[in-house]
Every structure is written in structure tokens, then in C-alpha cells.
Amino acid sequence: MPCLKKFAIGTAKPVLVTGGTGYVAGVLISQLMDKGLTVHTTVRDPSKKDRIQHLQDLAAKSRGSIKFFKADLLTLGAFEEAMKGCYAVFHIASPFAMAVKDPVKDLAEPAVKGTENVLLQCNKTPSVERVVLTSSCVAVYTDAAEINDEKNPVTEDSRNRTASLTHNPYSLSKTLAEQKAWTIAGSQTQWRLCTINPNLIVGPGIKYHESSESFHLVKSFGSNDPNMAMGAPNIGMSCVDVRDVAAAHIAAAYLEDAAGRHHIRHILSGPGFFLPEIGQAIVKKYGSKYSIVTKPVPYLVSYFALAACSSPWPGD
């Protein structure tokens, strides 16, 4: 995606960001308001002021403004009021968890049904011209083995075909949600769809101690996590800064060619690295204050860990 290309952002119409209290959503909302936009955002319960105060504080310091709406992903029509008059819809709200009791109820159903409910409402809202769906690299591939074929490199045309309810159910939920989005997008001509497919998202959020699997991963390097007792697993991956992810969402909404004539995906991926390098980067800034894991686990331990779980860390 040509994120560095200059493009105009119209501020006459508001935009909708679903899941406003989330990690990526918060950074995106901040950037949108800084550009002078009115942001509509959905939360489970706007009456819980402590959950939204940080966003109100941001609005007070920005050129834009924010309005809160109550909406539930599983309720058809719940996004009608929030979407009224909006030019673009950024659908970010979706469950992100690696360990769940019921992968259907906890992951697949809210991811797919939520996407369906939001996009069907887009069909009923004449002002909507662009929809940006926050997906993940795990909707592109499941296991590291899938990206090691030089004759068939991973591209935006690649699709996850190996995830299941028993094998990386989170990957399956993102894949099914994307499939639902493409189906609905292809059934209409009013708005165009872009999906953003990032690798592991890291970087500063706007809310202290925000709940996020990515936050938990970084925190584990200095929190005496028992999983890191012998060192960090020597797993290869790549990451992308949350601020770049937010900027990509905005470019996808306002760049004319970001969605082409039809609909398009955009993979976001930074340079590859191994997990212990996260600790090594943290220790450069915080090593004098905390005990940080910087070394990999012994080779044999790492080997068996990789044999048990070969999938990459998810991207959002």
C-alpha cells in the first residue's frame, strides 16, 4: 500500500470505528481525531465512564471530536445509529484470544457474525463509501511451513486453508470473518472493501495496561512469566508498529486506489526477527530497572516447543 503518498482527507462526514476501547482502535481513533475528523465509536457500555475517559481526554486535545454508541457484535441492527452519515467504517472489533474454552462461541461466532452484522448495516447506510476490515496475517497462512516455499511465495492472494477449530482456532476465526466480508462486499456496488492483514502488532497504545495479547507477549519478558523461566522460545516472526497499522487503515479509507475498482487486501509486515530479540530491544531502554529475558531457551527445549506449535504469533 502506498502509505507515503499524499492524499486528501475529507472531514465533512464522520467515520465509524467499532470496538473503540481496543488497542488498535484507540491508536486509530487518536490519529483520525488529530486529522480533524468526527469519530463515531461503538463500545459495550458507554455509561462506564472509566472505560472511555482516555478517549475523551484525547478528543479534548485534538482537532476532531468523538461520539460514543452502544452496540453488540451479535445483535443485528445494533450499528444503525452509530453508522448514520458516516463516510467510512473501520471494523476492528473482534475477539483476540489464544486460549479459549469454546472456539465456536468465543472466537468464530462473534468474529463472523460481528462482521456480517456490521457490513449488512453498511448496505443499509447510503453514506458509506469505504469499509476497512482489520484482519490478520493468520487469514493468509496458518503455519510457518506454509511460507517456506520459494516457488509459491505468500501474497495478498494467499488464503489460509489449514486452520480448524482444533488447530489454531483464532486463525480460523479471522479467515472465516474475511470470507464473510468478501461475500457481502461482492454482493453490492455501493462501497468498496479493504482488509488490513498485519503480522504481530506492537508499540505504544493510548491506554495504560490495555488488554491485548500483543501486550501480554511483550510484558512476559519482564514479568517473571513461568513460560520464560528458561528463556524465550527461539521462534521466528515479524512485527509491525501499531501506529503504522493505524496509518494504513486511514490510507485504505481515503486513498482512491487503495481499494482499486473492486476490493483488495493489504499485508503489513516488518523485518523478520527471533523472539529473544524482543527482550534484547527492551533491555536497551529498561534493563537498569527490570530483569529482562534476552536469551533463547536451550536448543532441545526450543526444538520440542516448535514441534508442538509451529504457527506464527497472530497479528492483532
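Everything below is about the structure printed above this text.
Below is a summary of the structure that appears in this document. (Residues numbered from 1 in each chain as written. Predicted model: local features only at pLDDT ≥ 70, side-chain atom pairs only at ≥ 80, totals over all residues. Heavy atoms only, no water.)

Observations regarding the pairing of strand E6 (residues 192-198)
For step 1, the next point in the chain: Where burial is concerned, most of E6 is hidden: 7 out of the 7 residues are buried.
For step 2, the next point in the chain: Side chains of E6 alternate between two faces, with Arg192, Cys194, Ile196 and Pro198 and Leu193, Thr195 and Asn197 buried alike.
For step 3, the next point in the chain: Of the strand pairs in this sheet, E6 and strand E9 (residues 264-268) are connected by 5 bridges, and their pairing is parallel. Paired with Asn197 across the bridge in E9 is Ile267. (Buried < 20%, exposed > 50% of the residue type's maximum accessible area, 1.4 Å probe, protein only. Helix = DSSP H or I, 4+ residues; strand = E, 2+ residues; numbered from the N terminus. Pairing = 2+ DSSP bridges.)

Here we look at the sheet that holds E9
For step 1, the next point in the chain: With respect to topology, 7 strands assemble into an open sheet ordered E3-E2-E1-E4-E5-E6-E9, the strand pairing being parallel. Unpaired on one side and paired on the other, strand E3 (65-70) and E9 mark the two borders of the sheet. Here the strands of the sheet are splayed against their neighbours by 20° on average, with no regard to which way each runs.
For step 2, the next point in the chain: Helix H2 (residues 49-61) contacts strand E2 (38-43) and E3 of the sheet and is inclined by roughly 155° relative to E3.
For step 3, the next point in the chain: The strands touched by helix H7 (residues 242-254) are strand E1 (15-17), strand E4 (88-91), strand E5 (130-134), E6 and E9; relative to E5, the strand with the most contacts, the crossing angle is about 155°. (Axes fitted to C-alpha atoms, helices over the stretch in contact; angles between N-to-C directions. Contact = heavy atoms within 4.5 Å.)

Notes on the pattern of salt bridges
For step 1, the next point in the chain: Counting across every chain of the model gives 7 salt bridges.
For step 2, the next point in the chain: As a salt-bridge pair, Glu116 and Lys113 come within 3.3 Å of each other at their nearest N and O atoms. With Glu116 and Lys113 both in helix H4 (residues 103-123), this residue pair falls 3 residues apart, about one helical turn.
For step 3, the next point in the chain: On the basis of relative accessibility, which here comes to 35%, the residue Lys113 falls in the partly exposed class. (Salt bridge = Lys/Arg side-chain N within 4 Å of Asp/Glu carboxyl O.)

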